[in-house]
Amino acid sequence: MTQASDKARAYSREQAEQFRGQLHELLRIPSLSADPAHAGDVREAAEWLAEHLNTLGLDHVEIMETAGHPVVYADWLGAGPDKPTVLVYGHYDVVPASLEDGWDTEPFEPIEKDGKMYARGVTDDKGQLFIHVKALESYLRTAGSAPVNVKMLLEGEEEVSSPNLRPFIESHLDLLAADVCVISDSSMPSIDRPSIMHSLRGMTYIEVEVDGPHDDLHSGFYGGAVHNPALALAEIISKLHNPDHSIAVPGFYDDVVPLAPDERAEVAKTDMSEEELLAATGAPSQWGEAAYTIRERVSARPTLEINGMGSGWTGPGPKTIIPQKAMAKISCRLVGNQDPHKIYDHLKSYIESITPPTVRVEVRLLTTGEPALIDFHLPEMQAAVRAYEKGWGHTPVFTRGGGSIPVVADFYNLMNMPVVMMGYGLDTDGLHGTNEHLTIEMFHRGIETAIVYLDELATMER
């Protein structure tokens, strides 16, 4: 580590209380992107961030409009063209929260107790994006410069699936050009087990509707002569998986990138036992492809899940009908290099082929997201390993995430830019739930790790 990074880390420790106080100001803004009534609060959060970045001495600070909520852009390019450029992505919007949901304290009035900060958005993602802001500040306030160039892109629609971010990126490719993107919007199992996600699953989400008669029918008059759409839907769904629990849709696995031995070894470091799975879920037994471990099933394998079903009479008491229609919502989590639209075509074709002629079926595409799979041998990834070792105090493991962050695939596919996901929260932080929190020690360790990461990247060739 360089003398500059040592001084920056020392500064971050000296300013620890002030850093948290500033974060509290941001957390008090209820920037709920999904609620039109809070559109003004979302903009207030953007304006707060822009003003704060201006105060720190960043350049080209701008609130940039989209078709929805704005993004905040800022940069510091004083390291010069010979040094790498880092693009920091984060989001300042949050999901709804209220005391009536079961919070112990007001969700938008941050408090610190028992070594943790409690507030909506403190770990997802205001606290984690603020880590990078404070890391850059620590360099600028001590050395007057940073070891690399830094660009920041902070959006306000991540919690509503970022509908306007990809068009924004496509129209600002030059502005956002960088050597690597770093995102902190993930977590680790425990403070001494940091992890770097190098893969996220994509998504194909469909709705299947099965229609039969022109109206609900009296089952006493027509039962046994008309194929019940609810039964037909159940018959279709029963054919979506094979007896070994693999997915029966032809072509579904054609583009799946197999797990390499060294990657399976990395995944094994964070494996989940059956006892842990059952304790976490309350399920009576595990389920899935026996050839893969539990951790591999929930992160490195594609899935097909029934998310909801509806048909017929579900109110109190009996109503003996043959329902006119039945529907199901089905999602597929995808892994590299699966194409969400190609998977939709496979699903649609297969479901139509197994639908009996006694009913009609319609398969509708609701939403998609591309998977991301990034080689963890890349120098930018290995620099993150060293940053955790020096700044966090523990060697991280590489993991695959079971969920989706669409912007990761957008950066990787649109800009050919490696994305390093350096999470600083815990799996148990309660994001999207009640009493969301972030461990204070981890917030400050995160700042020091982010400081070291910029130092490590400075040693790399462009």
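This text follows the structure it describes.
Since the structure is predicted, the reported quantities are computational estimates derived from the model, not experimental observations.

Trainee: Please provide a residue-by-residue account of the overall build of the protein, values included.
Mentor: Along its length, the protein carries 15 helices and 20 strands. Against the globule reference of 23 Å for 462 residues, the protein gives a C-alpha radius of gyration of 25 Å, in line with a compact fold. Counting only C-alpha atoms, the protein reaches 85 × 50 × 45 Å along its principal axes. Relative to its full complement of 462 residues, the protein shows a buried share of 53%. In the protein, the share of contacts with a sequence separation of at least 24, taken over all contacts with a separation of at least 6, comes to 79%. Carbon and sulfur atoms make up 51% of the accessible area of the protein, which amounts to about 19,500 Å² in all. Counting 36 positive and 70 negative side-chain charges, the protein places the averaged centre of each group 3 Å from the other.

Trainee: Lay out the environment of Thr142 with the relevant residues and their values.
Mentor: The residue Thr142 is located in helix α4 (residues 126-142) in this model. With 132 residues separating them in the primary sequence, Thr142 and Ala10 have C-alpha atoms 9.4 Å apart. Excluding anything up to four places from it in sequence, Thr142 contacts Lys7, Ala8 and Tyr11. Here Ser138 takes part through its backbone oxygen, which lies 2.6 Å from a polar atom of the side chain of Thr142.

Trainee: Describe the packing of helix α3 (residues 39-56) against α4, naming the residues involved and giving the relevant values.
Mentor: Running from amino to carboxyl end, α3 crosses α4 at an angle of 20°, the nearest separation of the two axes being 10 Å. When the axis of α3 is compared with that of α4, the two are roughly parallel. In this structure, the crossing between α3 and α4 has a hand that is left-handed. Of α4, the residues touching α3 (which contributes Trp48, Leu49, His52, Leu53, Thr55 and Leu56) are Leu129, Phe130, Val133, Lys134, Glu137, Leu140 and Arg141.

Trainee: Outline the packing of aromatic side chains, supporting the account with residue identities and numerical values.
Mentor: Here the distance between the centres and the angle between the planes together describe a pair of aromatic rings. For the structure on display, the rule yields nine aromatic pairs. A network of ring pairs unites the aromatic residues Tyr388, Trp392 and Tyr424 as a single cluster. Positioned above the aromatic ring of Tyr118, the side-chain terminus of Lys113 is 5.3 Å from the ring centre.

Trainee: Go over the nonpolar core with me, naming the residues and quoting the values.
Mentor: Counting 94 residues, the largest nonpolar core has Leu58, Val408, Phe411 and Tyr453 as its most contacted members. When residues of this core are assigned to their parent elements, the largest contribution, 11 residues, is made by helix α15 (residues 440-458). Not counting residues within four places of it along the chain, the set of residues in contact with Val408 comprises Ile183, Leu200, Ala372, Ile374, Val419 and Met421. Core analysis: the second largest hydrophobic core is formed by 26 residues, Leu240, Ala248, Leu304 and Val363 among them.

Trainee: Residue-level account of the pattern of salt bridges, with values.
Mentor: Under the counting rule described, the total for this entry stands at 24 salt bridges. Across the pair Glu170 and Arg166 runs a salt bridge whose closest N-O atoms are separated by 3.2 Å. Of this pair, Glu170 and Arg166 are both found in helix α5 (residues 165-170), four residues apart, which corresponds to roughly one turn of the helix. What makes Glu170 partly exposed here is its relative accessible area of 42%. Salt-bridge contacts for Glu207 lead to Lys329; the nearest nitrogen and oxygen are separated by 2.4 Å. With Glu207 in strand β10 (residues 202-211) and Lys329 in strand β14 (residues 325-334), this pair connects stretches of sequence that are 122 residues apart. Taking relative accessible area as the criterion, Lys329 reaches 28% and is therefore assigned partly exposed. Connected through shared salt-bridge partners, Glu207, Glu209, Asp211, Lys325, Lys329, Glu362 and Arg364 make up one network.

Trainee: Can you break down unusual backbone geometry residue by residue, with the values?
Mentor: In the segment running from Asp124 into Asp125, the intervening peptide bond is cis, with an omega of 5°. Of note, the bond from Gly336 into Asn337 is cis; its omega dihedral lies within 30 degrees of zero at 5°. Its location among the elements puts Asn337 in the loop between β14 and α12 (340-354). Here the phi dihedral of Ser161 falls at roughly 70°; this positive angle occurs in a residue that is not glycine. Structurally, Ser161 can be placed in the loop between β6 (149-155) and α5. Within the chain, His432 stands out as a residue other than glycine whose phi angle is a positive 70°.

Trainee: Can you lay out helix α2 (residues 16-27) for me, pointing to particular residues and giving the numbers?
Mentor: With 12 residues, α2 extends 17 Å between its outermost C-alpha atoms, agreeing within 8% with the 16 Å of an ideal straight helix rising 1.5 Å per residue. Burial in α2 covers these residues: Ala16, Phe19, Arg20, Gln22, Leu23, His24, Leu26 and Leu27. Its buried side turned inward, α2 meets α1 (3-14), α3, β4 (111-113), β5 (116-118), α4 and α15.

Trainee: Residues and numbers for the pairing of strand β17 (residues 397-401), please.
Mentor: Consecutive side chains along a regular strand alternate between the two faces of the sheet. Among the five residues in β17, five count as buried, and that is most of the element. The two faces of β17 match: Val397, Thr399 and Gly401 on one face and Phe398 and Arg400 on the other face are all buried. Bridging between strand β9 (residues 195-200) and β17 involves five bridges; their strand directions are parallel. Looking across to β17, one finds that Leu200 is bridged to Gly401.

Cut-offs and rules
- Residues numbered from 1 in each chain as written.
- Predicted model: local features only at pLDDT ≥ 70, side-chain atom pairs only at ≥ 80, totals over all residues.
- Heavy atoms only, no water.
- Helix = DSSP H or I, 4+ residues; strand = E, 2+ residues; numbered from the N terminus.
- Rg over C-alpha atoms; globule rule 2.2 N^0.38 Å.
- Buried < 20%, exposed > 50% of the residue type's maximum accessible area, 1.4 Å probe, protein only.
- Contact = heavy atoms within 4.5 Å.
- Areas by Shrake-Rupley, 256 points an atom, 1.4 Å probe, with all protein chains shown as cover.
- Lys, Arg positive; Asp, Glu negative; His and termini not counted.
- Charge placed at Lys NZ, Arg CZ, Asp CG, Glu CD.
- Polar contact = N/O pair within 3.5 Å; in protein donor to acceptor, adjacent residues only side chain to side chain.
- Axes fitted to C-alpha atoms, helices over the stretch in contact; angles between N-to-C directions.
- Parallel < 35°, antiparallel > 145°, perpendicular 65-115°, else oblique.
- Left-handed = near helix turned anticlockwise from the far one by under 90°.
- Phe/Tyr/Trp six-rings, centres within 6.5 Å; stacked < 30°, edge-to-face > 60°.
- Lys NZ or Arg CZ within 6 Å of the ring centre and 35° of its normal.
- Core = buried A, V, L, I, M, F, W, Y, C linked by side-chain atoms within 4.5 Å.
- Salt bridge = Lys/Arg side-chain N within 4 Å of Asp/Glu carboxyl O.
- Expected span 1.5 Å × (residues − 1).
- Pairing = 2+ DSSP bridges.

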